[in-house]
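# A closer look at the structure
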Amino acid sequence: MKKKVLAGMLALAMCLSACTPKSNPEETGLFKAGTYTAEAQGMNGAVKVEVVFTADRIETVHVTNHAETAGISDPAIERVPDAITEHQSLGVDTVAGATITSNAILAAVEDCAKQAGADIEALKQPVEGGDTVKTEEERTAGMVIVGSGISGLAAAISAAEAGVENIVVLEKMATTGGTTAIAGGYLICVESERYKDSGIDDSLESFLKYWDERMSYSGQTSGYPDMERARAVFAQTGASVAALAGHGGSVGEEPFTFFGPSPGAANPGGGRGLVDEMVAAAQKLGVEIITECTVKELTTDAAGAVTGLVAETADKVITYTAPAVVLATGGSSGSEEITAKYSPKVANVGTVNTAAAGCVGDGMLMAQAVGADTFDSFFTSIWATTVDPEFAAAVADASKLTTDAQLGVNAKGERFASESAKYVDSLGSDMIQDGNGPFWYIYDAANAETTAILDQGVTAGVVVKADTIEDLAAGMKVDAATLKAAYDRYMEQVKAGADADQGKAADMLVALETAPFYAVKFYPNTFGSQGGVLTDTEGRVLNTSGSAIAGLYATGADSNRYFYNENYVLAASLGIYATTGRTTGAAVAADLSK
């Protein structure tokens, strides 16, 4: 669950500041005694630290300011500074699920140590102590759920309400929630009693029409969604929201409609708030939740039925015996191997994955090991586009750049879609379907604020700048004639006030004619996977013969291809996963009562 920090990772970290000590330094000892500050790039921005050195030790390390995601980064911010001072070393473990934050802290402390005259290579030596000898335990449970995102927690709550006792939720990360915890906390809410008087059409038929429109956007025919199954799940999303509210969940008195025509529920604390409330509800029902506990394999009997699993903590190997195991591990978007095998379009283009760090397909792989079947093809939840991560790491304001009024081209220099996306997630879908990455957006120098950001990118070596479109093409390494033709055609349509090629809104057809010109890479931004193992409508995992594997269930992103074509719908997945989790929990209870 943890990995040793390598010297190379620290060397590559983005240390940004250095300053002089606040007190007079001593010239002898391991360090120049004093208080030093520095910062390094974390997940969401600079992580600032203050480190106090005496002549012979690192006295204190404090993270003084950061913009990291609450709940996800907290364990790193709490543990890494303590580990550094306890072991007097930078060669300490990172925190699972908060590796980027951990590395930012380590990088900033390294900067301070350099200011204090430390022997950095000596400080980076891995902490001694060897591998921990783990004790072995055997435990029994009425039901074990692998993963603590919305689907796993919904399954736990539903099963507990139906009378299942001794339910255990195992989470390999240091904090609960998975990708749910970093999501917006929005849930679709169809035919809900809660919002029936809102004046907004929340009918199932209206939502199905919207879903069909969204699933048709890519123009692909994948065989999905399975509309019969989708209809049944969508019809229960209002009840799922009501169930959350019944357990004290904050789902909003007024409907949320930003992402679609149907009303939705929104937790004011976002995904983190949603998870925290569900954890409290589950624990109130007697559910045990264990973090930093990685499931290694499922166990089976001679007939192939799943009888439990083997899990590991930092100091224990635990074998659970249980009549039901539910896989809710968050899908596979973080696995390059699984993405390449099942989602070659996505792998070919290259994406920036923003799902939780633990979503690497381990649930699916464990299920396959006991005979589970999978979908033939997956897709990926493309929820937006993002500026080149190298640009974002080097220039804090890079994320302010927009693409609606620019010219976007693929790696061939061809315009491939309307830059003013119809939906938040549709431009990323356009990139995947085009398949010719990387994708570039062309800017001119007409806006001083934008130009200032772009010039910082040029200085950092991550933005191309040129006085002509032809010279810009050379820096982009695309064919100059093709790019110039795309530019000329775009400018023709700008002057005409109508985009006959891609249908871009007229108010976004802005002339790009003030030299110099700039080119910036953008990537599809992924937030999960659409695939996993085959299940019946209640979450029982199916083998390659189409029969249910006794004792094994899957929910959420571990079996979600049924609902999607090669598209994603922002703010819809949590409502789907809350519902499939509830359904699976109830199915476990029903099966165990037989």
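Residues numbered from 1 in each chain as written. Predicted model: local features only at pLDDT ≥ 70, side-chain atom pairs only at ≥ 80, totals over all residues. Heavy atoms only, no water.

### Brief notes about the packing of aromatic side chains
How two aromatic rings sit relative to each other is given by the distance of their centres and the angle of their planes. All told, the structure shown has 16 aromatic pairs when counted by the stated rule. Grouped by ring-pair contacts, the aromatic residues Phe207, Tyr210, Trp211, Phe234, Tyr564 and Tyr568 constitute a single cluster. Across the ring face of Tyr562, the terminal group of Arg229 is positioned such that the distance to the ring centre comes to 3.6 Å. (Phe/Tyr/Trp six-rings, centres within 6.5 Å; stacked < 30°, edge-to-face > 60°. Lys NZ or Arg CZ within 6 Å of the ring centre and 35° of its normal.)

### Quick word on the side chain of Ser335
Secondary-structure assignment places Ser335 in the loop between strand 13 (325-327) and helix 10 (336-342). Judged by relative accessible area, which is 8%, Ser335 ranks as buried. Ser335 has contacts with Cys359 and Val360, leaving out every residue within four places of it along the chain. (Helix = DSSP H or I, 4+ residues; strand = E, 2+ residues; numbered from the N terminus. Buried < 20%, exposed > 50% of the residue type's maximum accessible area, 1.4 Å probe, protein only. Contact = heavy atoms within 4.5 Å.)

### Overview of the confidence of the model for the protein
Overall, the predicted model of the protein reaches an average pLDDT of 90, with 94% of residues at or above 70. Overall, residues 1-27 carries pLDDT values under 50, and its contacts beyond four positions in sequence, including any with other chains, amount to 69 contacts. (pLDDT = per-residue confidence, 0-100.)

### Observations regarding the packing of helix 16 (residues 469-476) against helix 17 (residues 480-496)
Running from N to C, helix 16 and helix 17 point in directions that differ by 130°, and their axes come no closer than 9 Å. In terms of orientation, helix 16 lies oblique with respect to helix 17. Once helix 16 is placed against helix 17, the crossing between them reads as right-handed. Contacts between helix 16 and helix 17 involve Ile469, Glu470, Ala473 and Met476 on the former and, on the latter, Ala480, Leu483, Lys484 and Tyr487. Each residue belonging to the contact of helix 16 with helix 17 can be placed in one class, and the counts come to six nonpolar, no polar and two charged. (Axes fitted to C-alpha atoms, helices over the stretch in contact; angles between N-to-C directions. Parallel < 35°, antiparallel > 145°, perpendicular 65-115°, else oblique. Left-handed = near helix turned anticlockwise from the far one by under 90°. Nonpolar A, V, L, I, M, F, W, Y, C, P; charged D, E, K, R; others polar.)

### As for the pairing of strand 6 (residues 167-170)
Burial of the side chains of strand 6 extends over both faces: Ile167 and Val169 are buried on one face and Val168 and Leu170 on the other. Pairing of strand 5 (residues 143-146) with strand 6 involves four bridges; the strand directions are parallel. Across the sheet, Ile145 pairs through a bridge with Val169, a residue of strand 6. For the handedness criterion, the β-α-β arrangement of strand 5, helix 5 (residues 150-161) and strand 6 is classed as right-handed. Pairing geometry for strand 6 and strand 9 (residues 288-290), over three bridges, is parallel. (Pairing = 2+ DSSP bridges. Right-handed = clockwise from strand over helix to strand, strands pointing away.)

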